[in-house]
Amino acid sequence: MGLEEKLPSGFLLSTVEGLAGYMRKGSLWPATFGLACCAIEMMATGAGRYDLARFGMEVFRASPRQADLMIVAGRVSQKMAPVLRQIYDQMPEPRWVLAMGVCASSGGMFNSYAIVQGVDHIVPVDMYLPGCPPRPEMLMDAILKLHHKIQHEPLGAKRARQLARAAEDGTAKDLHVEMPSTVRVDKKSRRAYEEAAAEGRTGQFLIEQRNGNAVLLPEERPTGLGKAWR
């Protein structure tokens, strides 16, 4: 049973922008740029337990010419900064950067002259991931949020100007939202969340998902996890 049997009359309508975003987000190849302990968590994400291959990202490239996502995993020293920038410049467009861990995001505990206080001083960052070090689940969640951003990126300068004018007029729909993974996996919930984001009521949507509770109550938490849930 193929996709063509699910489509009405065998036709699928979309836009070039939507199709390009779908292809881009589904074929990200990360560059190997592990600098510290966060790199161990990044390696674990690509291993069998978490299986990053589900998102088409199992191929960590050693060549920047074949990569379009730089995951900066760990602290960046002043000595490493020009190397990082050179590798970024060698990556083809379009390219994205994910700052993994508090050290890559802001310098972390290394508030010294030898460490760059945030990799965004060297390269533009598309997604920040806190934690010291962040767990593989956190990295996967950040990657899925980056996928959502890539899906809705404007295609070309003309389209970007059109969206900027729509934003100034107040007629643009803001789909660059921090969508929870539990919502993203369900197509119906994802569509409802995007509609709520366009209307600026994501907070209300999350409360409605919890049956009117502002927080997840103890009796609604999953059982059988012991102290792991706490």
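Preceding this paragraph is the structure being described.
Remember, predicted model here, so these are calculated numbers, not experimental data.

## Details of the packing of aromatic side chains
- One pass over the structure, following the stated rule, counts zero aromatic pairs.
- Positioned above the aromatic ring of tyrosine 88, the side-chain terminus of arginine 95 is 4.2 Å from the ring centre.

## Some thoughts on the pattern of salt bridges
- Going through the model one piece at a time under the given rule, you end up with five salt bridges.
- Salt-bridge contacts for aspartate 141 lead to lysine 145; the nearest nitrogen and oxygen are separated by 2.5 Å. Of this pair, aspartate 141 and lysine 145 both sit in helix 5 (residues 136-151), four residues apart, roughly one helical turn.
- The class of lysine 145 is buried, set by a relative accessible area of 14%.

## Describing the nonpolar core
- With 21 residues, the main nonpolar core has Met42, Leu69, Ile71, Leu98, Met100 and Leu139 as its most contacted residues.
- Every element with two or more residues in this core is listed here: helix 2 (38-46), strand 2 (69-73), strand 3 (96-100), strand 4 (127-129) and helix 5.
- By residue number, the principal contributor to this core is helix 5, which donates six residues.
- Those residues within four positions of leucine 98 in sequence are excluded, and the remaining contacts are Leu69, Met70, Ile71, Val72, Met127, Leu129, Leu139, Ala142 and Ile143.
- The next biggest cluster of nonpolar side chains, apart from the first, holds 15 residues, and it includes Ala81, Tyr88, Val116 and Val123.

## Focus on the packing of helix 1 (residues 16-25) against helix 5
- Following both chains from N to C, one finds helix 1 and helix 5 inclined at 155°, their axes separated by 8 Å at the closest point. With respect to each other, helix 1 and helix 5 are oriented roughly antiparallel. Between helix 1 and helix 5 lies a crossing whose hand is right-handed. For the pair helix 1 and helix 5, the contacting residues are Gly18, Gly21, Tyr22, Arg24 and Lys25 in the first and His147, Ile150 and Gln151 in the second.

## Quick look at the pairing of strand 2
- In terms of residue burial, strand 2 counts as a mostly covered element, since five of its five residues are buried.
- The two faces of strand 2 match: Leu69, Ile71 and Ala73 on one face and Met70 and Val72 on the other face are all buried.
- In the sheet, strand 1 (residues 30-31) pairs with strand 2 via two bridges, with the strands oriented parallel. Pairing of alanine 31 across the sheet is with methionine 70, part of strand 2.
- Considered for its hand, the β-α-β crossover made up of strand 1, helix 2 and strand 2 is left-handed.
- By the bridge criterion, five bridges tie strand 2 to strand 3 in an arrangement that is parallel. By the bridge assignment, valine 72 is partnered in strand 3 with alanine 99.

Conventions adopted
- Residues numbered from 1 in each chain as written.
- Predicted model: local features only at pLDDT ≥ 70, side-chain atom pairs only at ≥ 80, totals over all residues.
- Heavy atoms only, no water.
- Phe/Tyr/Trp six-rings, centres within 6.5 Å; stacked < 30°, edge-to-face > 60°.
- Lys NZ or Arg CZ within 6 Å of the ring centre and 35° of its normal.
- Salt bridge = Lys/Arg side-chain N within 4 Å of Asp/Glu carboxyl O.
- Helix = DSSP H or I, 4+ residues; strand = E, 2+ residues; numbered from the N terminus.
- Buried < 20%, exposed > 50% of the residue type's maximum accessible area, 1.4 Å probe, protein only.
- Core = buried A, V, L, I, M, F, W, Y, C linked by side-chain atoms within 4.5 Å.
- Contact = heavy atoms within 4.5 Å.
- Axes fitted to C-alpha atoms, helices over the stretch in contact; angles between N-to-C directions.
- Parallel < 35°, antiparallel > 145°, perpendicular 65-115°, else oblique.
- Left-handed = near helix turned anticlockwise from the far one by under 90°.
- Pairing = 2+ DSSP bridges.
- Right-handed = clockwise from strand over helix to strand, strands pointing away.

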